[in-house]
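Structural characterization, general
What follows is the residue order along each chain.
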Amino acid sequence: MNKRARIYIAGHQGLAGSAIVRELQRQGYTNLIGRTHAELDLEDARSTQQFFEQEQPEIVFLAAAKVGGIQANNSYPVEFLMNNLSVESNVCRAAYATGVNRLIFLGSSCIYPRDCPQPIKEEYLLTGPLEPTNRAYALAKIAGIEMCWSYNRQYGTKWLAAMPTNLYGPGDNYDLNNSHVLPALIRKIHEAKISGTEEVVLWGSGMPKREFLYVDDLANALVFLASLDDERYNALINPDLCPLINVGTGEDLSIRALAEMCADVVGYTGNFVQDVSKPDGTIRKVLDVSKIGELGWRASTGLKEGINLTYKVFKGNLV
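Just so it is clear, the model here is predicted, and its values are computed rather than measured.

Turning next to the overall build of the protein. A count of helices and strands for the protein gives eleven helices and 13 strands. Here the protein has a C-alpha radius of gyration of 19 Å; the compact-globule value for 319 residues is 20 Å, and the two agree. Viewed in the frame of its principal axes, the protein has a C-alpha envelope of about 60 × 45 × 40 Å. Expressed as a percentage of its 319 residues, the buried residues of the protein come to 51%. The long-range share in the protein, meaning contacts at least 24 apart out of those at least 6 apart in sequence, stands at 82%. Carbon and sulfur atoms make up 49% of the accessible area of the protein, which amounts to about 14200 Å² in all. For the protein, the distance from the average position of its 31 positive side-chain charges to the average position of its 36 negative side-chain charges is 2 Å.

Turning to the sheet that holds strand 13 (residues 284–285), a few remarks are in order. Sheet architecture is open: three strands sit in the order 11-8-13, paired in mixed fashion. The open sheet has two edge strands, strand 11 (253–254) and strand 13, and neither has a second partner. Relative to strand 11, strand 8 (residues 209–210) runs antiparallel, the two being bridged by two bridges. Looking at strand 11, one finds that arginine 210 is bridged to leucine 253.

A separate point is the nonpolar core. Counting 77 residues, the largest nonpolar core has Tyr8, Phe52, Phe61, Leu103, Tyr112 and Leu225 as its most contacted members. Ranked by the residues each element gives to this core, the list is headed by helix 7 (residues 215–226), at eight residues. Beyond its immediate sequence surroundings of up to four residues, phenylalanine 61 is in contact with Met1, Ile7, Tyr8, Ile9, Ala10, Ile20, Leu24, Ile104, Leu222, Val223 and Ala226. Residues Leu202, Cys262, Ala263 and Tyr268 belong to the second largest nonpolar core, which totals 23 residues.

Rules used throughout
- Residues numbered from 1 in each chain as written.
- Predicted model: local features only at pLDDT ≥ 70, side-chain atom pairs only at ≥ 80, totals over all residues.
- Heavy atoms only, no water.
- Helix = DSSP H or I, 4+ residues; strand = E, 2+ residues; numbered from the N terminus.
- Rg over C-alpha atoms; globule rule 2.2 N^0.38 Å.
- Buried < 20%, exposed > 50% of the residue type's maximum accessible area, 1.4 Å probe, protein only.
- Contact = heavy atoms within 4.5 Å.
- Areas by Shrake-Rupley, 256 points an atom, 1.4 Å probe, with all protein chains shown as cover.
- Lys, Arg positive; Asp, Glu negative; His and termini not counted.
- Charge placed at Lys NZ, Arg CZ, Asp CG, Glu CD.
- Pairing = 2+ DSSP bridges.
- Core = buried A, V, L, I, M, F, W, Y, C linked by side-chain atoms within 4.5 Å.

See the structure below:
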(Lines give C-alpha, C1' and ligand atoms only; values in the text may rest on other atoms or scores of the structure.)
Protein backbone atom coordinates (compact mmCIF):
# COMPACT_ATOMS: atom_id res chain seq x y z
CA MET A 1 0.00 0.00 0.00
CA ASN A 2 1.08 3.51 -0.76
CA LYS A 3 1.73 5.42 2.47
CA ARG A 4 -0.64 8.12 1.23
CA ALA A 5 -3.41 5.73 0.23
CA ARG A 6 -6.86 6.69 1.51
CA ILE A 7 -7.61 4.00 4.09
CA TYR A 8 -10.98 3.66 5.81
CA ILE A 9 -11.09 1.74 9.09
CA ALA A 10 -14.71 0.86 9.80
CA GLY A 11 -15.07 0.48 13.55
CA HIS A 12 -11.94 2.49 14.27
CA GLN A 13 -12.80 2.96 17.96
CA GLY A 14 -13.38 -0.71 18.72
CA LEU A 15 -10.88 -3.27 20.00
CA ALA A 16 -9.68 -4.41 16.57
CA GLY A 17 -10.28 -1.16 14.71
CA SER A 18 -8.30 0.99 17.13
CA ALA A 19 -5.41 -1.47 16.94
CA ILE A 20 -5.48 -1.26 13.13
CA VAL A 21 -5.27 2.53 13.39
CA ARG A 22 -2.29 2.26 15.77
CA GLU A 23 -0.51 -0.17 13.45
CA LEU A 24 -1.10 1.92 10.33
CA GLN A 25 0.18 5.01 12.11
CA ARG A 26 3.19 3.08 13.41
CA GLN A 27 4.04 2.07 9.85
CA GLY A 28 3.75 5.63 8.54
CA TYR A 29 0.33 5.65 6.84
CA THR A 30 -0.98 9.18 7.04
CA ASN A 31 -4.31 9.31 5.19
CA LEU A 32 -6.59 7.41 7.57
CA ILE A 33 -10.36 7.80 7.59
CA GLY A 34 -12.61 7.00 10.56
CA ARG A 35 -16.15 7.81 11.64
CA THR A 36 -17.82 7.22 14.97
CA HIS A 37 -21.23 5.55 15.06
CA ALA A 38 -22.75 8.94 15.86
CA GLU A 39 -21.15 10.39 12.73
CA LEU A 40 -21.98 7.47 10.43
CA ASP A 41 -24.47 4.65 11.02
CA LEU A 42 -23.27 1.81 8.80
CA GLU A 43 -26.67 0.15 9.17
CA ASP A 44 -28.05 3.03 7.10
CA ALA A 45 -27.45 2.11 3.45
CA ARG A 46 -27.93 5.62 2.06
CA SER A 47 -25.60 7.26 4.57
CA THR A 48 -22.98 4.59 3.98
CA GLN A 49 -23.15 5.08 0.21
CA GLN A 50 -22.89 8.85 0.55
CA PHE A 51 -19.88 8.51 2.84
CA PHE A 52 -18.03 6.28 0.37
CA GLU A 53 -18.85 8.60 -2.52
CA GLN A 54 -17.53 11.58 -0.57
CA GLU A 55 -14.38 10.03 0.90
CA GLN A 56 -13.41 7.65 -1.95
CA PRO A 57 -11.32 5.23 0.15
CA GLU A 58 -8.88 3.00 -1.72
CA ILE A 59 -8.42 0.42 1.05
CA VAL A 60 -11.06 -0.66 3.59
CA PHE A 61 -10.62 -2.57 6.84
CA LEU A 62 -14.11 -3.74 7.83
CA ALA A 63 -13.78 -4.14 11.60
CA ALA A 64 -17.15 -2.65 12.56
CA ALA A 65 -19.37 -5.27 14.19
CA LYS A 66 -21.66 -6.04 17.10
CA VAL A 67 -19.64 -8.40 19.29
CA GLY A 68 -19.94 -10.00 22.72
CA GLY A 69 -19.41 -13.10 24.83
CA ILE A 70 -21.50 -16.24 25.27
CA GLN A 71 -24.18 -14.60 27.41
CA ALA A 72 -24.67 -11.63 25.08
CA ASN A 73 -24.77 -13.82 21.96
CA ASN A 74 -27.24 -16.20 23.59
CA SER A 75 -29.49 -13.38 24.86
CA TYR A 76 -29.64 -11.13 21.77
CA PRO A 77 -29.40 -13.32 18.65
CA VAL A 78 -31.59 -10.98 16.56
CA GLU A 79 -29.27 -8.03 17.12
CA PHE A 80 -26.12 -10.08 16.51
CA LEU A 81 -27.56 -11.39 13.25
CA MET A 82 -29.31 -8.35 11.82
CA ASN A 83 -26.90 -5.59 12.89
CA ASN A 84 -23.90 -7.40 11.45
CA LEU A 85 -25.67 -8.37 8.23
CA SER A 86 -26.70 -4.74 7.67
CA VAL A 87 -23.21 -3.35 8.22
CA GLU A 88 -21.55 -5.96 5.99
CA SER A 89 -23.99 -5.62 3.11
CA ASN A 90 -23.99 -1.81 3.17
CA VAL A 91 -20.21 -1.51 3.28
CA CYS A 92 -19.68 -4.14 0.59
CA ARG A 93 -22.24 -2.54 -1.71
CA ALA A 94 -20.76 0.93 -1.28
CA ALA A 95 -17.17 -0.31 -1.58
CA TYR A 96 -17.93 -1.97 -4.91
CA ALA A 97 -19.88 1.02 -6.20
CA THR A 98 -17.02 3.41 -5.48
CA GLY A 99 -14.18 1.20 -6.73
CA VAL A 100 -12.42 0.26 -3.48
CA ASN A 101 -9.18 -1.53 -4.39
CA ARG A 102 -8.68 -3.92 -1.47
CA LEU A 103 -11.08 -4.73 1.35
CA ILE A 104 -10.17 -6.79 4.42
CA PHE A 105 -13.24 -8.19 6.16
CA LEU A 106 -12.74 -9.13 9.80
CA GLY A 107 -14.58 -12.24 10.89
CA SER A 108 -14.39 -14.59 13.87
CA SER A 109 -13.27 -18.15 14.47
CA CYS A 110 -16.81 -19.00 15.62
CA ILE A 111 -17.68 -19.38 11.92
CA TYR A 112 -16.28 -22.91 12.08
CA PRO A 113 -18.31 -25.98 13.10
CA ARG A 114 -18.53 -26.72 16.80
CA ASP A 115 -16.97 -30.17 16.52
CA CYS A 116 -14.63 -29.85 13.55
CA PRO A 117 -11.11 -31.39 13.62
CA GLN A 118 -8.34 -29.48 15.39
CA PRO A 119 -6.43 -27.38 14.51
CA ILE A 120 -9.07 -25.72 12.35
CA LYS A 121 -8.23 -25.30 8.66
CA GLU A 122 -9.93 -22.74 6.44
CA GLU A 123 -11.52 -25.51 4.36
CA TYR A 124 -13.53 -26.72 7.39
CA LEU A 125 -15.97 -23.85 6.90
CA LEU A 126 -19.57 -25.13 6.48
CA THR A 127 -18.66 -28.78 7.12
CA GLY A 128 -20.81 -29.20 10.25
CA PRO A 129 -23.23 -27.63 12.77
CA LEU A 130 -22.26 -24.40 14.51
CA GLU A 131 -22.00 -23.78 18.25
CA PRO A 132 -25.63 -22.97 19.24
CA THR A 133 -24.80 -20.20 21.73
CA ASN A 134 -23.37 -17.90 19.03
CA ARG A 135 -24.92 -19.30 15.87
CA ALA A 136 -26.61 -16.03 14.86
CA TYR A 137 -23.35 -14.07 15.04
CA ALA A 138 -21.45 -16.86 13.27
CA LEU A 139 -23.99 -16.95 10.43
CA ALA A 140 -23.69 -13.19 9.98
CA LYS A 141 -19.90 -13.52 9.69
CA ILE A 142 -20.23 -16.46 7.29
CA ALA A 143 -22.50 -14.26 5.17
CA GLY A 144 -19.74 -11.62 5.18
CA ILE A 145 -17.26 -14.16 3.86
CA GLU A 146 -19.72 -15.16 1.15
CA MET A 147 -20.20 -11.49 0.23
CA CYS A 148 -16.46 -11.11 -0.29
CA TRP A 149 -16.33 -14.25 -2.40
CA SER A 150 -19.46 -13.36 -4.38
CA TYR A 151 -18.23 -9.87 -5.24
CA ASN A 152 -14.84 -11.31 -6.22
CA ARG A 153 -16.45 -13.90 -8.50
CA GLN A 154 -19.06 -11.68 -10.06
CA TYR A 155 -17.35 -8.31 -10.21
CA GLY A 156 -13.63 -9.02 -9.95
CA THR A 157 -13.15 -7.23 -6.64
CA LYS A 158 -10.15 -7.98 -4.42
CA TRP A 159 -11.70 -8.60 -1.03
CA LEU A 160 -10.25 -10.89 1.61
CA ALA A 161 -11.82 -12.32 4.78
CA ALA A 162 -9.49 -12.70 7.75
CA MET A 163 -10.62 -14.92 10.62
CA PRO A 164 -8.94 -14.09 13.93
CA THR A 165 -9.00 -16.26 17.01
CA ASN A 166 -10.12 -14.83 20.39
CA LEU A 167 -8.81 -11.28 20.71
CA TYR A 168 -7.75 -9.28 23.75
CA GLY A 169 -5.79 -6.14 24.52
CA PRO A 170 -6.11 -2.35 24.89
CA GLY A 171 -9.62 -1.09 24.19
CA ASP A 172 -11.35 -4.31 25.27
CA ASN A 173 -14.80 -4.49 26.87
CA TYR A 174 -14.73 -5.45 30.56
CA ASP A 175 -18.48 -5.60 31.18
CA LEU A 176 -19.07 -8.85 33.09
CA ASN A 177 -22.34 -9.56 31.24
CA ASN A 178 -21.25 -8.84 27.67
CA SER A 179 -17.47 -9.25 27.46
CA HIS A 180 -15.37 -12.13 26.20
CA VAL A 181 -13.72 -14.55 28.57
CA LEU A 182 -10.27 -13.00 29.00
CA PRO A 183 -11.30 -9.40 29.82
CA ALA A 184 -14.04 -10.76 32.09
CA LEU A 185 -11.42 -12.82 33.94
CA ILE A 186 -9.10 -9.83 34.32
CA ARG A 187 -11.87 -7.72 35.83
CA LYS A 188 -13.25 -10.44 38.12
CA ILE A 189 -9.80 -11.39 39.41
CA HIS A 190 -8.74 -7.77 39.88
CA GLU A 191 -11.92 -6.97 41.83
CA ALA A 192 -11.48 -10.10 43.96
CA LYS A 193 -7.95 -9.03 44.80
CA ILE A 194 -8.99 -5.49 45.72
CA SER A 195 -11.94 -6.66 47.85
CA GLY A 196 -10.08 -9.54 49.47
CA THR A 197 -12.56 -12.11 48.12
CA GLU A 198 -11.18 -15.60 48.63
CA GLU A 199 -13.03 -17.28 45.74
CA VAL A 200 -13.68 -16.40 42.11
CA VAL A 201 -16.43 -18.26 40.26
CA LEU A 202 -15.63 -19.39 36.72
CA TRP A 203 -18.28 -20.28 34.16
CA GLY A 204 -18.49 -23.92 33.09
CA SER A 205 -16.08 -26.74 33.78
CA GLY A 206 -12.88 -24.82 33.01
CA MET A 207 -11.88 -27.63 30.64
CA PRO A 208 -12.57 -26.02 27.23
CA LYS A 209 -9.40 -24.89 25.49
CA ARG A 210 -9.06 -21.58 23.69
CA GLU A 211 -6.50 -19.70 21.64
CA PHE A 212 -5.85 -16.00 22.24
CA LEU A 213 -4.30 -13.33 20.05
CA TYR A 214 -3.08 -9.94 21.27
CA VAL A 215 -5.01 -7.38 19.25
CA ASP A 216 -1.92 -5.45 18.13
CA ASP A 217 -0.62 -8.69 16.59
CA LEU A 218 -3.91 -9.01 14.71
CA ALA A 219 -3.57 -5.46 13.41
CA ASN A 220 -0.04 -6.20 12.26
CA ALA A 221 -1.31 -9.28 10.42
CA LEU A 222 -4.12 -7.38 8.70
CA VAL A 223 -1.84 -4.60 7.50
CA PHE A 224 0.62 -7.29 6.38
CA LEU A 225 -2.11 -8.95 4.31
CA ALA A 226 -3.37 -5.69 2.82
CA SER A 227 0.20 -4.78 1.86
CA LEU A 228 1.05 -8.02 0.06
CA ASP A 229 2.40 -7.77 -3.48
CA ASP A 230 -0.13 -8.43 -6.23
CA GLU A 231 1.03 -11.99 -6.92
CA ARG A 232 0.58 -13.22 -3.35
CA TYR A 233 -2.55 -11.17 -2.67
CA ASN A 234 -4.25 -12.25 -5.89
CA ALA A 235 -3.58 -15.89 -5.00
CA LEU A 236 -5.58 -15.36 -1.80
CA ILE A 237 -8.58 -13.81 -3.57
CA ASN A 238 -8.63 -16.10 -6.61
CA PRO A 239 -12.35 -16.15 -7.52
CA ASP A 240 -12.28 -19.96 -7.69
CA LEU A 241 -11.34 -20.13 -3.99
CA CYS A 242 -13.02 -18.90 -0.82
CA PRO A 243 -11.00 -15.77 0.13
CA LEU A 244 -10.53 -16.87 3.73
CA ILE A 245 -7.40 -16.85 5.91
CA ASN A 246 -6.96 -17.66 9.61
CA VAL A 247 -5.07 -15.32 11.94
CA GLY A 248 -3.90 -16.63 15.30
CA THR A 249 -1.05 -18.13 17.27
CA GLY A 250 -1.81 -21.81 16.69
CA GLU A 251 -1.51 -22.42 20.46
CA ASP A 252 -4.25 -22.90 23.06
CA LEU A 253 -4.81 -23.52 26.77
CA SER A 254 -7.71 -24.40 29.07
CA ILE A 255 -9.93 -21.70 30.54
CA ARG A 256 -8.82 -22.83 34.00
CA ALA A 257 -5.16 -22.42 33.03
CA LEU A 258 -5.99 -19.00 31.57
CA ALA A 259 -7.60 -17.96 34.85
CA GLU A 260 -4.53 -19.09 36.77
CA MET A 261 -2.29 -17.11 34.40
CA CYS A 262 -4.44 -14.00 34.89
CA ALA A 263 -4.29 -14.49 38.67
CA ASP A 264 -0.51 -14.63 38.48
CA VAL A 265 -0.39 -11.39 36.49
CA VAL A 266 -2.88 -9.62 38.77
CA GLY A 267 -1.31 -10.97 41.94
CA TYR A 268 -4.43 -12.76 43.19
CA THR A 269 -3.84 -15.69 45.55
CA GLY A 270 -7.42 -16.88 46.15
CA ASN A 271 -9.21 -19.94 44.79
CA PHE A 272 -11.31 -20.66 41.71
CA VAL A 273 -14.70 -22.41 41.81
CA GLN A 274 -16.31 -23.82 38.66
CA ASP A 275 -20.02 -23.13 38.07
CA VAL A 276 -20.85 -26.16 35.93
CA SER A 277 -24.46 -24.95 35.46
CA LYS A 278 -23.10 -22.41 32.97
CA PRO A 279 -22.36 -23.40 29.34
CA ASP A 280 -18.86 -24.32 28.20
CA GLY A 281 -19.36 -23.54 24.54
CA THR A 282 -17.10 -25.31 22.06
CA ILE A 283 -14.78 -27.76 23.83
CA ARG A 284 -11.66 -26.88 21.84
CA LYS A 285 -10.97 -24.22 19.25
CA VAL A 286 -7.48 -23.60 17.90
CA LEU A 287 -6.76 -22.34 14.40
CA ASP A 288 -4.44 -23.81 11.81
CA VAL A 289 -2.34 -20.76 10.90
CA SER A 290 -0.05 -22.44 8.38
CA LYS A 291 -1.54 -20.46 5.47
CA ILE A 292 -0.59 -17.05 6.84
CA GLY A 293 2.63 -18.54 8.21
CA GLU A 294 3.68 -19.60 4.71
CA LEU A 295 3.24 -15.97 3.63
CA GLY A 296 5.77 -14.93 6.26
CA TRP A 297 3.69 -13.73 9.21
CA ARG A 298 3.51 -14.98 12.79
CA ALA A 299 2.33 -13.52 16.11
CA SER A 300 5.04 -11.92 18.23
CA THR A 301 3.35 -11.35 21.62
CA GLY A 302 3.29 -14.23 24.09
CA LEU A 303 0.06 -14.73 26.05
CA LYS A 304 1.41 -13.84 29.48
CA GLU A 305 3.21 -10.80 28.04
CA GLY A 306 -0.02 -9.70 26.36
CA ILE A 307 -2.04 -10.15 29.55
CA ASN A 308 0.53 -8.05 31.41
CA LEU A 309 0.23 -5.27 28.83
CA THR A 310 -3.56 -5.48 28.89
CA TYR A 311 -3.74 -5.41 32.69
CA LYS A 312 -1.58 -2.29 32.84
CA VAL A 313 -3.99 -0.51 30.48
CA PHE A 314 -6.98 -1.79 32.48
CA LYS A 315 -5.55 -0.45 35.74
CA GLY A 316 -4.62 2.84 34.11
CA ASN A 317 -8.21 3.35 32.99
CA LEU A 318 -9.44 2.89 36.55
CA VAL A 319 -7.50 5.92 37.79
